Amino acid sequence: MKKGLDFGKGSSVYSGDMSHASDVCKKTFKSSLNLKRLNTTRTGEGPPRGEICEKPFIKKGDLNVHYRSHTKEMAYSCEICGKTFTSKSSFVRHGKIHRNERNYVCEICNKAFSEKITLTYHYRVHTKERPYSCDVCGKAFSRNSILTVHYRVHTKERPHSCEVCGKEFSQKINLNRHYLTHTKETVSFL
């Protein structure tokens, strides 16, 4: 977190409730930064868009990390297992696996997690909360990332393609499974 910014309860950035609302679609957020991201995505204002896909970003660092997703440049590498990462945050998060850091424990089932956000996602298993819903078909999801993948059902987007034969897939896990038809072995580096 950058010095000088207060993201605690009561700050102007994080209110703790859903008090930051879009004037356009009335979608609400706990963080004014998330509302700003939504508005920047809609208007295209603010920092430059990605050179390849034109996706807009608020922070230049996020744009740089996203650019690596297109170039396949892996800026960070784990010395223990050799897995590579495009972002420093993913690399640091991965390190917790090797250190077996699991400091966040579910009060309901005692399952432990290395990150607070993962515990938050896990709680939704118990509460059945699904705060992200598809504006096309209404189906609801526990995580925004799952909703993003779901949208591909409607858009027919297939962003993951096989480097061997060119076949395209909507999910990376399906691409990895497909690679087995070419290699006949497990592909874990993808």
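Nothing here was measured: the structure is a model prediction, and the numbers come from that model.

**Q** For the overall build of the protein, give the residues involved together with the corresponding values.
**A** Helices and strands together make up the secondary structure of the protein, namely six helices and 10 strands. Taking all 190 residues of the protein together, 21% fall into the buried category. Restricting to contacts in the protein with at least 6 residues of sequence separation, those with at least 24 account for 1%. As displayed, the protein offers around 13,900 Å² of accessible surface, 51% of which is attributable to carbon and sulfur atoms.

**Q** Break down the UniProt feature "domain: C2H2-type" (unreviewed entry) in the protein for me, citing the residues and quoting the values.
**A** Taking the UniProt record as the reference, the feature "domain: C2H2-type" (unreviewed entry) is found at residues 76-103, 104-131, 132-159 and 160-187. Between the end C-alpha atoms of residues 76-103 the distance is 24 Å, and the span holds 43% helix and 14% strand. Helix makes up 43% of residues 132-159 and strand makes up 14%, while its end C-alpha atoms are separated by 22 Å.

**Q** Please provide a residue-by-residue account of the packing of aromatic side chains, values included.
**A** If you walk through the whole model with that rule in mind, you get two aromatic pairs. With a centroid separation of 5.8 Å and an interplanar angle of 20°, the aromatic rings of Tyr 76 and Phe 91 are classed as stacked. Residue Tyr 76 is found in strand S3 (residues 76-77), and its partner Phe 91 is found in helix H3 (residues 88-99); the two are separated by 15 residues along the sequence. According to the relative accessible area criterion, Tyr 76 is partly exposed, its value standing at 26%. Of the residues examined, Phe 91 reaches a relative accessible area of 27% and is grouped as partly exposed. Arranged with centres 6.1 Å apart and planes meeting at 55°, the rings of Phe 85 and Phe 91 form a pair that is tilted. Residue classification places Phe 85 among the buried positions, given a relative accessible area of 10%. Here the aromatic residues Tyr 76, Phe 85 and Phe 91 are joined through ring pairs into a cluster of three or more.

**Q** So, the environment of Tyr 67: which residues are in play, and what are the values?
**A** Along the polypeptide, Tyr 67 turns up in helix H2 (residues 60-71). Distance in space between the C-alpha atoms of Tyr 67 and Lys 55 is 9.9 Å, their sequence separation being 12 residues.

**Q** How would you summarise helix H4 (residues 116-127) if you had to cite specific residues and measurements?
**A** If you check H4, its first and last C-alpha atoms are 17 Å apart, about what 12 residues at 1.5 Å a residue would give, namely 16 Å. Within H4, burial applies to Leu 119, His 122 and Arg 124. Once H4 finishes, Lys 128 follows within two positions and takes phi at roughly 65°, a positive value.

**Q** Describe the pattern of salt bridges, naming the residues involved and giving the relevant values.
**A** Across all of its chains, the model carries four salt bridges by this definition. Between Glu 101 and Arg 99 there is a salt bridge, with its nearest N and O atoms 2.5 Å apart. Of the charged contacts, one joins Glu 157 and Arg 152 as a salt bridge, the two residues approaching to 3.8 Å between their closest N and O atoms. Judged by its relative accessible area of 41%, Glu 157 falls in the partly exposed class. Residue Arg 152 is classed as buried on the basis of its relative accessible area, which comes to 16%.

**Q** Got a sec to walk through unusual backbone geometry? Specific residues and values, please.
**A** One non-glycine residue with positive phi stands out, namely Asn 110, at about 70°. Relative to the elements of secondary structure, Asn 110 occurs in the loop between strand S5 (104-105) and strand S6 (112-113). Judged by its relative accessible area of 60%, Asn 110 is exposed. Even without being glycine, Lys 156 reaches a positive phi, approximately 65°. Within the secondary structure layout, Lys 156 lies in the loop between helix H5 (144-155) and strand S9 (160-161). For Lys 156, a relative accessible area of 63% gives the class exposed.

Rules used in this analysis
- Residues numbered from 1 in each chain as written.
- Predicted model: local features only at pLDDT ≥ 70, side-chain atom pairs only at ≥ 80, totals over all residues.
- Heavy atoms only, no water.
- Helix = DSSP H or I, 4+ residues; strand = E, 2+ residues; numbered from the N terminus.
- Buried < 20%, exposed > 50% of the residue type's maximum accessible area, 1.4 Å probe, protein only.
- Contact = heavy atoms within 4.5 Å.
- Areas by Shrake-Rupley, 256 points an atom, 1.4 Å probe, with all protein chains shown as cover.
- UniProt positions renumbered as here; feature names shortened; annotations may be inferred.
- Phe/Tyr/Trp six-rings, centres within 6.5 Å; stacked < 30°, edge-to-face > 60°.
- Expected span 1.5 Å × (residues − 1).
- Salt bridge = Lys/Arg side-chain N within 4 Å of Asp/Glu carboxyl O.

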